[in-house]
Amino acid sequence: MKSAVVVFPGSNCDRDVKVALEKVTGGPVRMVWHAETAMPATDLIVLPGGFAYGDYLRTGAMAAHSPIMRDVVAKAKSGIPVLGICNGFQVLCEAGLLPGVLMRNASLKFVCRDVLLKIEQTGTPFTSCFQQGEVIRLSVAHGDGNYFADRATLEALEADGRVVFRYVDKAGQATPEANPNGAQHNIAGICDAQRRVLGLMPHPERLFEPMLGGTDGRRIFESVLATLH
Amino acid sequence: MDAKAAASITPEVVAEHGLAPEEYQRLLEILGRPPSLTELGIFSVMWSEHCSYKSSRVWLSQLPTKGPQVIQGPGENAGVVDLGDGDAVVFKMESHNHPSFIEPYQGAATGVGGIMRDVFTMGARPVANLNALRFGDPSHPKTRHLLAGVVAGIGGYGNCTGVPTVGGETNFDPGYNGNILVNAMCVGLAKADKIFYSAAKGVGLPVVYVGSKTGRDGIHGATMASAEFDDKSAEKRPTVQVGDPFTEKLLIEACLELMASDAIVAIQDMGAAGLTSSTSEMADKGGVGIELDLDRVPQRELNMTAYEMMLSESQERMLMILKPGREAEAEAIFRKWGLDFAVIGHTTDTGRMIVKHKGAVEADLPVATLANSAPRYERPWMPTSPPKVILPEWVPAPNSILGTLKTMMSGPHLASRRWVWEQYDHTVMGDTMQQPGGDAAVVRVHGTNKGIAATCDVTPRYVLADPVMGTKQAVVETWRNLIAVGADPLAITDNMNFGNPERPEIMGQFVGAVQGMKEACAALKYPVVSGNVSLYNETNGVAIPPTPAIGGVGLVPDLAHMADIVLEAEGNLLVVIGRESGHLGQSLYQLTATGKVEGAPPPVDLADEIKAGNLVRTLIRETKVSAVHDVSDGGLLVAVAEMALAGNVGVQLFPYEGKLPAHAAWFGEDQGRYVVEASPELAEEIIERARLLALPARVVGKIGGDALSLRGETALPIADLRTAHESWFPHYMGTT
């Protein structure tokens, strides 16, 4: 399995996700500079976390107009799985590949902590190795993770089963206390209608091996590997 | 120089530049003529306390700075220590106190940016940030605002650059009401054979400016940082710089990319006193002259004068000396990252710094004199008289040991700092091996099984009472914290924050601190490799408590043998190792029980420290202990409570049956102690091994249940303790 990670100026989790992909998939990982215009042949595209363009103007807004994004959109439409993590999720929303926006956290503060997530949807290339309804633990680290969409969009996302990850407590309940950023419906991650483009605020690459304190993130990459084979 | 310009240098203008009349006389003698305004500005910043260390240098030169592990000691942008296998760790701590008090967000943010540049300019990738923060009394009207701004600023900058902020300390004391302290530490990782230095060796080499454009921000920042505050300090806001962490991130990547080649001769960041100090220090170290054409400096504002450009402290700028002919290759890298790149001059064999602007020579100064002629003061000093030792029985016993514990753990001094560190990205880079809240932060050396441990410590109330002992304690506490995670302590960086050195009692505190540091570092073979001095931390004549913050760095040779404070198994025992005398003078218990701290701080016995430390480290490497915590603020019971909270498990405490008053045994802040978790069989072995070293050790409790319990007292459920411990900060900051 071949992966490609887009590097924007200000990306800062690009290396982290490269390391995780290499270790989990065993395949090559190409780093693609944002100024390039064509993606290399790849089985997976990742938009990593960070602060593309310093988050200036609006998170993800300028990165969505980087030269490489035209081909990322084209490849996504052709069915190549695209994973946007944290800032990558914000870029996917700004690029129109996913609906809604990520607003400033309700606390108005950056938050870095472990969160519990419920797997709401196993029918995506990123979640096929999980059990429906399973509660997993990942880390978040963001200042703008407060998912917002208009009511019709939210209803459609829920109705179509496109909410993939939801912040929950130990009992699997989507409580306000379990929600680190005020996201509507405790949404942590969503996918597009074809279930090939996924955006999520938590960082699977930060909990993918025991030395990091957890391994649940590993299974997101394992799911992609299993889906492709 | 033009006579009219020279005539404009009135005594008032000299005073505004922070130069004493006798210092100006000295400048006249050096030049043999009156300076131009630009030259006066250049000299004033180079001779500021901040840049010249004129009051402290005499004393700092006494510190131990050498050791087989040291690759580069003080005198460069940061210290460099060998990690073995071709790796080196680069680190330094630096203050940004004055600007943070005036404008907390930008002051703290640019402090982080500046210290990171000091580290990556040496060729290291920054891998961990730490900080040591001191605020005034929680009830002081400014404290909340300053705390919120500083924490947001540190997070805002560090998070964006993608360097994890993994540790530090946050304290409150009324002594900081008028002057907060923001000390930022950065730790970087480099290859031992690819360290970059700042000496501009060679004539005719291009002087290259990279990074952000120059604006009028921060002019005279170094001078401000060398003066006391008064009621008009808020007017100094324009001298605080504004940071751009996005540019810093690009600068890190661009510099490291260029450093992978061999195009760079020398490199230095433009920190305090910007272009002035970087050019003069690089030229001086290389033994060359330097000629600058300011028309080529990338500028953000119109009609800037030579004076303004030479004194600007605009952030995110670096100065490089390149090998001839390598400009195009370097420029391509910086352009790719969207950064400015300009050749602004060249090195010469004249030994002079010549600054040209719009066809005129604005400054023509001897480099060596500029860099080295700052006055050196042996300021008069008065030693701090040693306070009397408070005996344990003089401090009243509490009604309830566990009730007092809960009170202490839920107050400003010991409450959880989660509110602070959750605003810092502490897991980016994927190498964070220990979450904040333990004894020392540990980050993995990327791609290996080794770890770098780092910690920042000082207990200012100890230093105020006895600068020598208090500073010795600060050094050994960092050493102990490194040992407690299983590291070999390697070296320290120091950040000396004091009041006005022109007052003999303040200078006496400084001299005492240096003495204490010297003794501890020498005994522990734990040299000082970098540091920073911040003086004049006074407002309206009231000085801060003397605060020599120590940043310690160590190596965990094998991460499989790393310890943390998390209790693991029910039925295991907790053993305290180290000598107990129930010292309550200057303790948090004394503060809780009597409302004040007094007397001598706990004494440090360096020989005992070494014995206890070596034993604990050996036990960690033999995997005989499953949790380790050093005993510090609040004493033994607080250490046990912190371990229980981390492990989310109760501890049955064994009643104290020794000769001391029980409250002194539980809350005394005796030094050189660790609490370790071990199985009952191994606990016996550990006590025996300690005995062979003539170190006391005893069992203090057994892990089990869901509460801290002690015979004759109401049990304290861990859940209640956690709520109390976690709620002070959010409640205080108004976020509950």
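Residues numbered from 1 in each chain as written. Chains lettered and ligands numbered in written order. Predicted model: local features only at pLDDT ≥ 70, side-chain atom pairs only at ≥ 80, totals over all residues. Heavy atoms only, no water.

Draft legend 1. Inspection of the overall build of chain B at higher detail. Looking only at helices and strands, chain B has 26 helices and 27 strands in total. Expected size for 736 residues packed as a compact globule is a radius of gyration near 27 Å; at 26 Å, chain B falls within 12% of this value. By principal-axis analysis of the C-alpha atoms, chain B measures approximately 85 × 50 × 50 Å. Residue pairs in contact within chain B that sit at least 24 positions apart in sequence constitute 85% of those at least 6 positions apart. (Helix = DSSP H or I, 4+ residues; strand = E, 2+ residues; numbered from the N terminus. Rg over C-alpha atoms; globule rule 2.2 N^0.38 Å. Contact = heavy atoms within 4.5 Å.)

Draft legend 2. Structural view of the pattern of salt bridges. Summed over the entire model, instances satisfying the criterion amount to 60 salt bridges over all chains. We note a salt bridge from Glu 94 of chain B to Lys 92 of chain B, for which the minimum N-O separation is 3.3 Å. Overlapping salt bridges, with partners in common, bring together Arg 15, Lys 23 and Glu 209 of chain A together with Asp 431 and Arg 444 of chain B in one network. (Salt bridge = Lys/Arg side-chain N within 4 Å of Asp/Glu carboxyl O.)

Draft legend 3. Focus on the interface of chain B and chain A. In this assembly, 29 residues from chain B lie in contact with 23 residues from chain A. Summing both sides of the interface, chain B and chain A together bury roughly 2200 Å²; the carbon and sulfur share of this comes to 58%. For the chain B face of the interface with chain A, the top three residues by lost area are Phe 246, Glu 422 and His 446 of chain B, together amounting to 24%. Arg 15 of chain A serves as the salt-bridge partner of Asp 431 of chain B, at 3.3 Å between the closest nitrogen and oxygen. (Buried area = accessible area lost by both parts, 1.4 Å probe.)

Draft legend 4. Local environment of the pairing of strand β6 (residues 181–191) of chain B. All names here are of chain B. Along β6, ten of the eleven residues are buried, which leaves the element largely enclosed by surrounding structure. Judged from the nine bridges that link them, strand β3 (residues 87–95) and β6 form a sheet pairing that is antiparallel. Counterpart to Glu 94 in the pairing with β6 is Ala 184. Here nine bridges tie strand β4 (residues 125–135) to β6, and the two strands are oriented antiparallel to one another. Opposite Arg 125, over in β6, you have Leu 189 as the bridge partner. (Buried < 20%, exposed > 50% of the residue type's maximum accessible area, 1.4 Å probe, protein only. Pairing = 2+ DSSP bridges.)

Draft legend 5. Summary view of helix α20 (residues 504–524) of chain B. Here α20 of chain B spans 30 Å end to end across 21 residues, near enough to the 30 Å set by a 1.5 Å rise per residue. Backbone geometry just after α20 of chain B places Lys 525 of chain B at a positive phi near 50 degrees. (Expected span 1.5 Å × (residues − 1).)

Draft legend 6. Main features of the environment of Ala 474 of chain B. Mapped onto the elements, Ala 474 of chain B comes out in helix α19 (residues 467–484). The contacts of Ala 474 of chain B, once residues within four sequence positions are left out, are Asp 457, Val 458, Pro 548 and Ile 550 of chain B.

Draft legend 7. Spatial organisation of the environment of Gly 287 of chain B. Turning to its location among the elements, Gly 287 of chain B is positioned in the loop between α12 (274–286) and β9 (289–293). Along the primary structure Gly 287 of chain B and His 96 of chain B are separated by 191 residues, whereas in three dimensions their C-alpha atoms are 31 Å apart.

Draft legend 8. The arrangement of the nonpolar core in detail. Grouped together as the largest cluster of nonpolar side chains are 184 residues, with contacts concentrated most on Tyr 147 of chain A together with Val 187, Phe 334, Ile 452 and Ile 577 of chain B. Contact partners of Tyr 147 of chain A, with chain neighbours within four places excluded, come to Phe 89, Pro 99, Gly 100, Val 101, Leu 102, Leu 154, Leu 157, Ala 183, Gln 184, Ile 187 and Ile 190 of chain A. (Core = buried A, V, L, I, M, F, W, Y, C linked by side-chain atoms within 4.5 Å.)

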